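Coordinates in review
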Amino acid sequence: QVGELYRPDDLRRAMAFQIFYIAINVSVIAAPLVSGTLGERVGWHWGFGTAGIVMVAGLVLYVFAGPWLPADNRPARGASRGTAHAPMVASDWQRIAALAVLVPVLALALLTNQEIFNAYLVWADEKFALTFMGQTLPTSWMITSDATLSFSMLVAVAAFWKWQGARTGREPDE
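Rules behind the numbers
- Residues numbered from 1 in each chain as written.
- Predicted model: local features only at pLDDT ≥ 70, side-chain atom pairs only at ≥ 80, totals over all residues.
- Heavy atoms only, no water.
- Salt bridge = Lys/Arg side-chain N within 4 Å of Asp/Glu carboxyl O.
- Helix = DSSP H or I, 4+ residues; strand = E, 2+ residues; numbered from the N terminus.
- Axes fitted to C-alpha atoms, helices over the stretch in contact; angles between N-to-C directions.
- Parallel < 35°, antiparallel > 145°, perpendicular 65-115°, else oblique.
- Left-handed = near helix turned anticlockwise from the far one by under 90°.
- Contact = heavy atoms within 4.5 Å.
- Nonpolar A, V, L, I, M, F, W, Y, C, P; charged D, E, K, R; others polar.
- Expected span 1.5 Å × (residues − 1).
- Buried < 20%, exposed > 50% of the residue type's maximum accessible area, 1.4 Å probe, protein only.

What follows is about the pattern of salt bridges. Tallied over the entire structure, the rule returns two salt bridges. Linking D10 and R12 is a salt bridge whose minimum nitrogen-to-oxygen distance equals 2.7 Å. When the shortest N-O distance is used, the salt bridge between R95 and D92 registers 3.4 Å. One end of the pair, R95, and the other, D92, are both in helix α3 (residues 90–113), three residues apart, so they sit about a helical turn from each other.

What follows is about the packing of helix α1 (residues 12–41) against helix α5 (residues 141–168). Relative to each other, α1 and α5 sit at 160 degrees, their axes nearing to 9 Å. Taken together, the axes of α1 and α5 are roughly antiparallel relative to one another. You can see that α1 and α5 cross each other, and the crossing is left-handed. Contact with α1, carried on its side by M15, Q18, Y21, I22, N25, V26, V28, I29, P32, L33 and T37, involves W141, I143, T144, A147, T148, S150, F151, L154, V155, V157, A158 and K162 of α5 and no other residues of that element. Of the residues that constitute the contact of α1 with α5, the class distribution is 16 nonpolar, six polar and one charged.

For the rest of this paragraph, the subject is α5. In this model, α5 (28 residues) spans 40 Å end to end at C-alpha, consistent with the 40 Å of a helix rising 1.5 Å per residue. For α5, the full list of buried residues reads M142, I143, T144, A147, L154, A158, Q164 and G165. At its buried positions, α5 is contacted by α1 and α4 (119–127). Backbone geometry just after α5 places G169 at a positive phi near 80 degrees.

Here is the structure:
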């Protein structure tokens, strides 16, 4: 639906994806601060319940925003798309070969990246001095520190392309 907000040739479309991804990362920053703190300081039921309530609120917001969102125009399962595909050429096979090499490498990178949500927190709880100005910080805040760095890089990239577009009149498409 984000892609349908603008025409395919509109450069704002690429920025819309960036803004959408930035918004997702803001929630990754905020969630451990709220749910994690409640879970560690008040009780796990409170942290888990808060996360559930926020997810339901997000769903309600999405449903009520429906009239302002573009239609979901994907074809139904099993329906023909009505377009014939051209036969593959040599450059297509080179792209497939590159994917065959890159996918396992990226899978390993993503596998280790996902450890931040479990093994990293256990390790940080045991090894980090989480006391700051006399206050012991919840271990779940370690996710916020990682997400804040990711968020900062996303904002920097988005700002760079906005600056580049204003300077040269050209921005990359998605």
